[in-house]
Amino acid sequence: MTAWRSPSFVSGVALCAAVLSAIHCDVSKHTTDSPSPGLERSQHGDFVQFDSAPDTAAVESSVQVKYKCTKACRVGVEVVLSTPQTVGFVSFRRTWTHVRNIGETRTRTIQLAFPPALVYKRDFFIRRPMDARNVMVRAWLVHLDEDGDGSSKVGIGQYHQSLVRIFKFLQVIPLSERPAQPRTRSVAWGAELMWNVTKDRIEQCSPESDVVDLLVFPFASTGEKYGVIRTFSTFINRELETARLHTKEQPRVALSVWLYLLDWCNQKFCAILRHVNEHRKYGSPLIMLTDSGEVVVQMCLVSREEKAFTAHTPLPLWTWIRLDLFINDSKAKLKITYEKPSGDVMEAQHTYEYQNAVLYNDTSGYFVIGGDIYMPGILGYFGPIRYHRLGAEQVVNPLSPVRTLKLLDEAHTECEEMSWVTSGFLYALQDGRVRHNNDVCESYYEGLRRTFAQPRCIQTWSWDQQVKYSAALKILRMHEEELNSGLWSSRRILLLSQQLFQDVVRGLGEVGGVGVGPEVVSSLLELLQVCSCWGHHQASLMLATLHLAGLGLPVDQEKGHVYSLMGGLGDERLSLLHLGYKHMQGLDGFPKDQDMAYGYYANVGRQTSIDRDKVQDSEQSITEHVRVTNAEELQMQAGEEGDVVQFLRLQAERGHIESQKTLARMLFWGSNGVTKNISEAVKWYARSALQMTDATAMYDYGILLLKGTGVKKNRTLGLKLLQKAAHMGAVTALNGLGWYYSTIGNDDRKAVYYFDLAAQNGSKDGVFNLGVYHLNGANPDTPGKNETAAFQCFLKAGQLGHVEGAVEAASSLSRGMLAGVRRDPEKAVILLKEVSERNGHLGFTVREALKAYQRGSWDEALLKYAMLAETGLVVAQNNAAHLCEVLKHGTSCQWRYHNYSTHNYAPHESGLLKMGDHYSAVGDMVKAIALYSRAALRGSPQGIYNLAVLTEEGYSVPWNVLEQMQIPAEAQLNKSTVVESLLLRCKEFEGEKDDMSPCTLALFGVQVRKAWRDFTHSTMQLTLVWWTLAVLLLFVLGIVIQSTLSHMGRLSNRSSERQRESDAANQVNWERILDAAAHQRGLQVPSVPPHLEQSGRPSMIQNGRPLREAADLLWLIPTH
């Protein structure tokens, strides 16, 4: 018996398996049923055994135990589980004592209870069912001590101390075959709904790493205060977060940055990468470039001091440079690597140790790649940037995408060489020019040099360079006189490139646009490259468009990326819009990155704000959303010679104020095809305002007088007009008065009063100006800065369309540093995109494309609209798609721009319908219904009609779409009701334009079918219908029979008449024969009696009458 109590035996797995004793081996790996050992008896005759035991662990299982005690004893039954997490867990125990009738064999049935997670399937209450490796039921018997304690007490050890024991392994029911647990408790509806939605979700641990790629695609930095903002959050993984917290005062950080510089900093410092903490102070690290090309690294130490060191290695231009920064406690190491023109790799390493450890917390504030509101960025490109948050000895950061960056380097190298060749040509041209102007004096020694000295050879480029840049040299020679007419300036070569660009695009249109031969396309591409290198970066955007869209040449995304980046680096507005749009939507190989999109949109948004003040710029116009498929909109763009403008002039001359205001607005902004003419516009503004009857006219002219735009300043008259306009209720005049007292009157209290009054009446300018006062802390009523209140004003103004308001609100949203303002770069991008598309230069290009269309140069218009479509302008995308379809340039061109139009946050319904038709044709009904639904929700009758047709065909429209269209939930259960509701909504959107519209006719058909269905489902009405049809059938049958009999009677009469006529003719003939014979013999023939002559006809009539009467009697027989 001592062997059973041995600890080594209890823990020994080998002995358990060998003897298959009643002791359960806790680490057993059994997965199948194991038979019970033979009956075991003690030396006194005690035993315990199972008379019956279940084979599986199931609900309502029981075990029958048979036992015999030779003295007072305790008997126990237990259920023991082993899971991957727990071994030897006793989930059920039932014990009882036996002190009477000692020595008798007894039997007892025990109801077993298993954990619900073991026997039931997964549900709301059992979130994690138990997957047990072994389930064992066992019984044991132990004698009671005389004093009632010791081994007789119930516990885990009693099984191992028992005299006799028995066990059996049970099978576990697979999870898929287990029954559901009966409901004994109610569950809240919301909780149960959430459970049903998420119960089948496969939980996965999201991969988390301390290595972060801050940039994976090149970013074009224009040398201004615009860059890419990144933020970091705490780690989800506890170990990583613990390590990060440890590095706050003992940091280990590694950072690798690729740069491509076109110039050194034009200020003292330019930002490469900076960390701004939550206190809006520079944190660690701060990496800057100086005006001499050296790198400065600054750190914030734990002592709160800021220390920096300079790496005295000037960075080269026109090559890719890699900067690796390693921070380890108080040491910083900077490694600079780049490739020389000879192909050799240059490495320079700089190490610096600070007096104290570096203070580092990357979750505080934000990081900026390039410039932001505090410091401008570099002029060049950022390549891949990799950041090790917990440090690394080495950083693996290859230059990628390889082909794109290589092509970018080659393109800039060619442009630099072309710029050098161009400068050399112009210098040689000017040096060989002899001035004969009387007002220009030539140096005496210069005259001697020209007379006696050998001529100098200014042209230093090689023959290969002349061949390579022959196109540029040819253009320069063609315009030699123009370039020789005055002093050389970069502005003149830029104007030349603009003129060349227009000629190239026009040439493409004249020769057939995208259908030209490869030789012509190659020469035109070369000219576009010349324009790009000379600084006209709309040519860069056009090259990007041709390569990305495949217009006239194969699609090449890498080359498209190169020219897109070059245009963006040139700070060209359309190119910036293009890059922002591509990153916003993630199109054409550009990664979807809202922070990068913000970096570009913030730039063009600020330029739009500045451009709006340059109203006299002839290259700016209002962005007019004119669709070439709309004849009415085209008619409004006919210009000065159009009927609309001619009518307005006639009415304006007659003194009609509305016509005067409209004509003045057209001339001032150059809209509706009218050439911009500020002076003439001011005249019409004056004529409409000085009638002193129209508040808007007085405000417009009053602002012009106060600012002196197109007219001499007259503050007295201007203020008088504003005051009268405000008195008449003009909200804009209220804001104008606030502006007057803020800038001219220097009365902030009055200014805030009028701004607030204008804002309360919906003036976006008033709301913005209030925000400025909150931001500057100049509000007399609420002194002190209130940046959150200012942000709310800027955001509201931006949502109303205020350019400056959108720019300021987007800046706060991109950083998320204000109290109560969550960082939301996507919302910032949407705000900026909307206002940036109102840029005057974009509007001017849209107008040029429309002019090309109006004069019949559709291929030229297609190229210009395609270039504009790449910026994300919806109207340009619709027009480009239409022209691709009309000019038959392939379906890829058409569907490309229709598809792009659907990606905008405010798409036009035509693009949604076109793409819906496309997906419907290819059988993708899910996408088709989604696009039709978007069109329907924007008020498109065609979209609603298409949804009704698809519903009729058996397809389902999402319930949330029907709900937004005000179709109640109970009506959505019936297909016919849904179709009828949709057609009713369609009819409402159609208005009363056409009573025979598709929606009206379809609705009529649905209502007729519904009425017929309701009619036929009524038994009484159906019986009445059948009786009516029977009566009609008999009526028709009677008419047919009567007509048949009448026809037969007429035929019989005609036959009798013909017979009588024949008989009469024969009788006459016989009489003549007989008379002739009698005359010959002297006899006389008697004539026919009169009554016999008349008896033939009445007999026929009498015979026919009874037949007709019988036919008539058929209609007198009653029906039952």
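The sections below set out a description of the structure shown in this document.

What counts, and where the lines are drawn
- Residues numbered from 1 in each chain as written.
- Predicted model: local features only at pLDDT ≥ 70, side-chain atom pairs only at ≥ 80, totals over all residues.
- Heavy atoms only, no water.
- Salt bridge = Lys/Arg side-chain N within 4 Å of Asp/Glu carboxyl O.
- Helix = DSSP H or I, 4+ residues; strand = E, 2+ residues; numbered from the N terminus.
- Buried < 20%, exposed > 50% of the residue type's maximum accessible area, 1.4 Å probe, protein only.
- Disulfide = S-S within 2.5 Å.
- Pairing = 2+ DSSP bridges.
- Axes fitted to C-alpha atoms, helices over the stretch in contact; angles between N-to-C directions.
- Expected span 1.5 Å × (residues − 1).
- Arc of directions from axis to C-beta.
- Contact = heavy atoms within 4.5 Å.
- Polar contact = N/O pair within 3.5 Å; in protein donor to acceptor, adjacent residues only side chain to side chain.
- Phe/Tyr/Trp six-rings, centres within 6.5 Å; stacked < 30°, edge-to-face > 60°.
- Lys NZ or Arg CZ within 6 Å of the ring centre and 35° of its normal.

### Considering the pattern of salt bridges
Within the structure shown, the criterion is met by 36 salt bridges. A salt bridge links R403 to E558, with the nearest nitrogen and oxygen atoms 3.2 Å apart. Taken together, the residues span a long stretch of sequence, with R403 in helix α7 (residues 402-431) and E558 in helix α15 (residues 557-569) at a distance of 155 residues. Among the residues examined, R403 registers a relative accessible area of 39% and is labelled partly exposed. Residue classification places E558 among the partly exposed positions, given a relative accessible area of 30%. Salt bridges here are not isolated pairs; linked through shared partners, they connect R230, D593, D595 and R823.

### Here's the deal with the state of the cysteines
Applying the stated criterion across every chain, the model contains five disulfides. Between the sulfur atoms of C69 and its disulfide mate C73 the distance is 1.8 Å. In this structure, the disulfide formed by C69 and C73 twists by about 70° around the S-S bond and is classed as right-handed. C73 matches C69 in its accessibility class, with the two residues each being buried. Covalently, C265 is tied to C270 through a disulfide, its sulfur atoms 2.0 Å apart. The sign of the S-S torsion, about 75°, decides the handedness of the disulfide formed by C265 and C270: right-handed. Accessibility assignment for this pair places C265 and C270 in one class, buried. In the protein, the cysteines engaged in disulfides, taken in order along the sequence, are linked 1-2, 3-4, 5-6, 7-8, 9-10.

### Focus: the sheet that holds strand β3 (residues 62-68)
Read from one edge to the other, the open sheet built from three strands follows the order β1-β3-β6, with strand pairing classed as antiparallel. Each end of this open sheet is capped by a strand with a single partner; those strands are β1 (47-52) and β6 (105-111). Strand-to-strand twist across the sheet, computed as the mean angle between neighbouring axes with direction ignored, equals 25°. Two strands pair when backbone bridges link them, and β1 and β3 are joined in this way by five bridges, in the antiparallel orientation. Along β3, the bridge assignment pairs F47 with K68.

### Concerning unusual backbone geometry
Geometrically, the link from S284 to P285 is a cis peptide bond, its omega value of -5° lying close to zero. Tracing the sequence through the fold places P285 in strand β14 (residues 282-290). A cis geometry characterises the amide bond from S400 onward to P401, with omega recorded as -5°. Here P401 shows up in the loop between β21 (379-388) and α7. With phi around 60°, E60 is a residue other than glycine that occupies positive phi space. Relative to the assigned elements, E60 resides in the loop between β2 (56-57) and β3.

### Concerning the sheet that holds strand β4 (residues 73-82)
In space, the five strands of this open sheet follow the order β2-β8-β7-β4-β5, with mixed pairing throughout. Among the strands making up the open sheet, the edge pair consists of β2 and β5 (89-98). Two elements, β4 and strand β7 (residues 134-143), share ten bridges in a ladder whose sense is antiparallel. Its bridge partner being in β7, C73 is matched across the sheet by H143.

### Observations concerning helix α23 (residues 715-727)
For α23, built from 13 residues, the straight-helix expectation of 18 Å at 1.5 Å per residue is met to within 8% by its first-to-last C-alpha distance of 18 Å. Those residues of α23 not exposed but buried are G718, L719, L721, L722, A725 and A726. Seen from one end, α23 has its buried residues packed into an arc of 160°, which puts them on one side. What points out from α23, more than 90 degrees from its buried face, is the exposed set T716, K720 and H727. Turning to α23, the residues buried within the fold contact α22 (695-707) and α24 (731-743). At the C-terminal side of α23, G729 shows a positive phi close to 100°.

### Observations regarding the side chain of D595
Inspection of the secondary structure assignment puts D595 in helix α17 (residues 594-611). Classification of D595 as buried rests on a relative accessible area of 11%. There is a polar contact of 2.6 Å between the side chain of D595 and the side chain of R823. Residues in contact with D595, not counting those within four places in the same chain, are G227, V228, I229, R230, R823 and P825.

### Brief notes about the packing of aromatic side chains
On inspection of all chains with the given rule, the structure shows 24 aromatic pairs. Seen in terms of ring centroids, F668 and W669 are 5.0 Å apart; in terms of plane orientation they differ by 80°. Their pairing is edge-to-face. With a relative accessible area of 6%, F668 lands in the buried category. Classification of W669 by relative accessible area gives partly exposed; the value is 30%. Counting every residue linked through ring pairs, the aromatic cluster contains Y740, Y741, Y753 and Y754. The ring centre of F326 lies 5.1 Å from the NZ or CZ of K333, which sits over that ring. One residue, R389, lies across the ring of F235, its end atom 4.2 Å from the ring centre.

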